[in-house]
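One letter stands for each residue in the lines below.
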Amino acid sequence: AIQRNLSLSGVKLHRNRAQRLLRELLKSRLGKKKKYDRRQARICGVFGLGDLSGYNLSFVTTLIDILINEYGITDIWVEEKDGFSKFVLTLMKSYCINKARVTLVVRQAENNCLFVPPYDDVIITHSDFENRCRSIIKHSVFCITNLSNDLSVKQFIEPSRDENPPFIIDVSNYSPKIITL
């Protein structure tokens, strides 16, 4: 709380809001009968965040903490454009980030570099921003994005034909929303 310049009540507010959002999301999508296999790798994709305000930055970090602790997220994939933003610096200070592997998804690595601190791993693709994001969506259980920031993100989030499409959480404009695919 001190690192993020929030009071204790502010931290509790973020945590309660994020937990309520996720509970409502999972109830509406899964009902009570569906359970995930905890042995399976569970990925949370992060893309298109851009420059987040202090409030949204704190909310997203709290949301990821909850996804790791309560929903078994084991990997966080961060798209290249958000790779070295305020978000990542704040995320790396998070108390539970050591429970998940953080992976950077890049178009091309300089000098075939396979390790980029503070990341645990690097995935190198030869695709553009849109295809990298689609790939992240395809592999993820949860995706966090800011749709007010980048209009191109809205264009390629399309209905999924998968049996278990990812939960996409839009963290724009101080009011996080769930996008149903």
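Residues numbered from 1 in each chain as written. Predicted model: local features only at pLDDT ≥ 70, side-chain atom pairs only at ≥ 80, totals over all residues. Heavy atoms only, no water.

Caption draft 1: Fine view of the overall build of the protein. On a plain count of helices and strands, the protein comes out with 5 helices and 7 strands. Along the protein, helices (α) and strands (β) appear in the sequence α-β-α-β-α-β-β-α-β-α-β-β when read from the amino end. If you take every contact in the protein between residues at least 6 apart in sequence, the share linking residues at least 24 apart comes to 73%. For the protein, the accessible surface area stands at approximately 10100 Å², while carbon and sulfur atoms represent 50% of it. (Helix = DSSP H or I, 4+ residues; strand = E, 2+ residues; numbered from the N terminus. Contact = heavy atoms within 4.5 Å. Areas by Shrake-Rupley, 256 points an atom, 1.4 Å probe, with all protein chains shown as cover.)

Caption draft 2: Highlighting helix α2 (residues 54–71). The end-to-end C-alpha distance of α2, which contains 18 residues, comes to 25 Å, matching closely the 26 Å that a straight helix rising 1.5 Å per residue would cover. Among the 18 residues in α2, 14 count as buried, and that is most of the element. Phi turns positive, to about 70°, at G72, one or two residues after α2. (Expected span 1.5 Å × (residues − 1). Buried < 20%, exposed > 50% of the residue type's maximum accessible area, 1.4 Å probe, protein only.)

Caption draft 3: Structural context of the packing of aromatic side chains. According to the stated counting rule, one finds 3 aromatic pairs in the structure shown. Each ring, one from F84 and one from Y119, has its centre 5.8 Å from the other, and the planes form 90°; the classification is edge-to-face. Taken together, the residues span a long stretch of sequence, with F84 in the loop between β2 (75–79) and α3 (86–92) and Y119 in the loop between β3 (101–106) and β4 (121–124) at a distance of 35 residues. Given a relative accessible area of 1%, Y119 falls into the buried group. Through successive ring pairs, a cluster of aromatic residues spans Y71, F142 and F167. Between the NZ or CZ atom of K81 and the centre of the ring of F129, over which it lies, the distance is 4.1 Å. (Phe/Tyr/Trp six-rings, centres within 6.5 Å; stacked < 30°, edge-to-face > 60°. Lys NZ or Arg CZ within 6 Å of the ring centre and 35° of its normal.)

Caption draft 4: Inspection of the pairing of β2 at higher detail. Buried residues dominate β2, accounting for 5 of its 5 residues. In β2, alternate side chains face the same way, and those of D75, W77 and E79 on one face and I76 and V78 on the other are all buried. Both strand β1 (residues 43–46) and β2 contribute to a ladder of 4 bridges, which runs parallel. Bridge assignment links G45 to a residue of β2, and that residue is W77. As paired strands, β2 and β3 are joined by 5 bridges and run parallel to one another. Its bridge partner being in β3, W77 is matched across the sheet by T103. (Pairing = 2+ DSSP bridges.)

Caption draft 5: Summary view of the sheet that holds strand β5 (residues 142–145). Taking strand neighbours across the sheet as the criterion, the 7 strands line up as β4-β3-β2-β1-β5-β6-β7 in an open arrangement whose pairing is mixed. Across the chains shown, the open sheet's two edge strands, defined by having one partner strand only, are β4 and β7 (177–179). Along the sheet, successive strands turn relative to each other by an average axial angle of 25°, direction set aside. Across the sheet, α2 lies against β1, β2, β5 and β6 (167–170), angled at about 175° from β5, the strand it touches most. Sitting on the sheet, helix α4 (residues 129–139) touches β1, β2, β3, β5 and β6, and the angle it makes with β2 is about 165°. (Axes fitted to C-alpha atoms, helices over the stretch in contact; angles between N-to-C directions.)

Caption draft 6: How the structure looks around the environment of Y119. As a C-alpha pair, Y119 and V88 span 31 residues in sequence and 9.5 Å in three-dimensional space. The residues contacting Y119, other than those within four sequence positions of it, are V78, D82, G83, F84, V88, V102, T103 and L104. Of note is the side chain of Y119, whose polar atom sits 2.3 Å from the backbone oxygen of G83. (Polar contact = N/O pair within 3.5 Å; in protein donor to acceptor, adjacent residues only side chain to side chain.)

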